[in-house]
Amino acid sequence: MKIALLGYGKMGKTIERIAIDRGHEIVLKISDNIAAYDLSLADVAIDFSIPTAALNNIITCCKNGLPVISGTTGWLKDYEKAVKVCEQEDSALLYASNFSIGVNLFFDLNQKLAKLMQPFKEYAVAIEEIHHTQKLDAPSGTAISLADQIVANSSLTGWKAEQAEKNEIPVYSKRIDEVPGTHTVSYASRVDTIEIKHTAHSREGFALGAVIAAEWIKDKKGVFTMKDVLSGLK
Ligand SMILES: NC(=O)C1=CN([C@@H]2O[C@H](COP(=O)(O)OP(=O)(O)OC[C@H]3O[C@@H](n4cnc5c(N)ncnc54)[C@H](OP(=O)(O)O)[C@@H]3O)[C@@H](O)[C@H]2O)C=CC1
Ligand SMILES: O=C(O)C1=N[C@H](C(=O)O)C[C@H](O)C1
């Protein structure tokens, strides 16, 4: 498979190594405006760039009929625009706030725990995410996905960074040196605390999941999530 890498930073470089190990070829590496590049050599694009570039990169891929895997976070207010263009252009898009298989299992666990905790109003839920100091967005895309899942499975009305209202989930963001990504969901009562936690030891899990998603989407059309990819692996 011929891959265009949109964004050639920490993730782009890790994806390159894993994609080559799996027998793929990197035909393009972009770290600036996509308009100047010829996408016609690629079978699929993988975008791990910056929040302000993600939507434009996705739209350009869709207009070129190039399936695109989107891992960039911090641009989701524009997600519906991306979906609309993808559908209009009869192209293919898969966004995930986190491509790691472990985090996707953690998402299932989070959803189940939220359902289980729903009747027990004495527990207050909170989310904490810790990432490296170069991260541009906060809260992390993964923390937002976790919060959205809890809202969908509880009587809580939303989430807020730090100072949440009574009916909201507080999401705390910490930035520490080289941390690849740690997410904790906790339910605290006066007498005890229940916690679930995912700790990434490196960026390999994110990158492997993105390459697996690219292999999966290559000849498809439509808007997908990691659930679609993982249901095919089970
Ligand atoms: N979904 C997931 O599983 C994961 C998501 N992420 C997300 O992926 C994104 C990238 O992370 P990371 O690799 O750590 O960040 P980096 O800062 O290391 O890399 C971002 C890269 O994008 C480049 N870039 C800047 N403008 C553009 C543009 N217009 N088009 C294409 N590339 C551009 C930057 O170039 P330059 O340095 O020259 O500005 C840089 O090489 C972040 O949003 C992060 O949150 C990260 C890990 C996992
Ligand atoms: O910026 C990162 O590094 C990461 N970003 C993603 C996010 O915002 O959730 C995923 C992962 O935690 C690493």
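In the nomenclature of an unreviewed UniProt entry, the chain is known as 4-hydroxy-tetrahydrodipicolinate reductase of Antarcticibacterium arcticum. For the record of the chain, the UniProt heading Sequence similarities (unreviewed entry) holds the text "Belongs to the DapB family." Quoted straight from UniProt, the Subcellular location (unreviewed entry) entry for the chain says "Cytoplasm".

### Digging into the UniProt feature "active site" (unreviewed entry) in the chain
In the numbering used here, UniProt assigns the feature "active site" (unreviewed entry) to His131 and Lys135. In this fold, histidine 131 is placed in strand E6 (residues 124-131). Setting aside residues no more than four positions away along its own chain, histidine 131 makes contact with Ser140, Lys174, Arg175, Ile176, Val179, Pro180, Gly181 and His183. At 2.7 Å, the side chain of histidine 131 and the side chain of glutamate 129 are in polar contact. Inspection of the secondary structure puts lysine 135 in the loop between E6 and helix H5 (141-152). Judged by relative accessible area, which is 18%, lysine 135 ranks as buried. What lysine 135 contacts, discounting residues up to four positions off in sequence, is Thr73, Ser140 and Arg175.

### Notes on the confidence of the model for the chain
The share of residues in the chain with pLDDT of 70 or more is 100%, and the mean pLDDT across the chain is 97. Per the prediction output, this complex has pTM 0.97; the corresponding ipTM is 0.99.

### Topic: the side chain of serine 91
If you trace the backbone, serine 91 turns up in the loop between helix H3 (79-88) and strand E5 (92-95). Residue serine 91 is classed as buried on the basis of its relative accessible area, which comes to 4%. Those residues in contact with serine 91, other than ones at most four positions away along the chain, are Cys61, Cys62, Gly65, Leu66, Pro67, Cys86, Lys221 and Gly222.

### Things to note about the site of ligand 2
Not every one of the 13 residues close to ligand 2 is listed here, only the nearest: His131, His132, Lys135, Gly141 and Thr142. For ligand 2, an oxygen atom lies 2.7 Å from a polar atom in the side chain of lysine 135. Note that an oxygen atom of ligand 2 is positioned 2.5 Å from one of the side-chain N or O atoms of threonine 142. For the shell around ligand 2, a count of residues per class yields 2 nonpolar, 9 polar and 2 charged.

### Comments concerning the UniProt feature "binding site: (S)-2,3,4,5-tetrahydrodipicolinate" (unreviewed entry) in the chain
UniProt tags His132, Gly141 and Thr142 as "binding site: (S)-2,3,4,5-tetrahydrodipicolinate" (unreviewed entry). Its location among the elements puts histidine 132 in the loop between E6 and H5. Sequence-distant contacts of histidine 132, that is, excluding residues within four places in its chain, are made with Lys10, Arg175, Ile176, Asp177, Glu178, Val179 and Arg203. Tracing the backbone through its elements, the reader meets glycine 141 in helix H5. Note on glycine 141: relative accessible area 9%, which makes it buried.

What counts, and where the lines are drawn
Residues numbered from 1 in each chain as written. Chains lettered and ligands numbered in written order. Predicted model: local features only at pLDDT ≥ 70, side-chain atom pairs only at ≥ 80, totals over all residues. Heavy atoms only, no water. UniProt positions renumbered as here; feature names shortened; annotations may be inferred. Helix = DSSP H or I, 4+ residues; strand = E, 2+ residues; numbered from the N terminus. Contact = heavy atoms within 4.5 Å. Polar contact = N/O pair within 3.5 Å; in protein donor to acceptor, adjacent residues only side chain to side chain. Buried < 20%, exposed > 50% of the residue type's maximum accessible area, 1.4 Å probe, protein only. pLDDT = per-residue confidence, 0-100. Near = heavy atom within 4 Å. Nonpolar A, V, L, I, M, F, W, Y, C, P; charged D, E, K, R; others polar.

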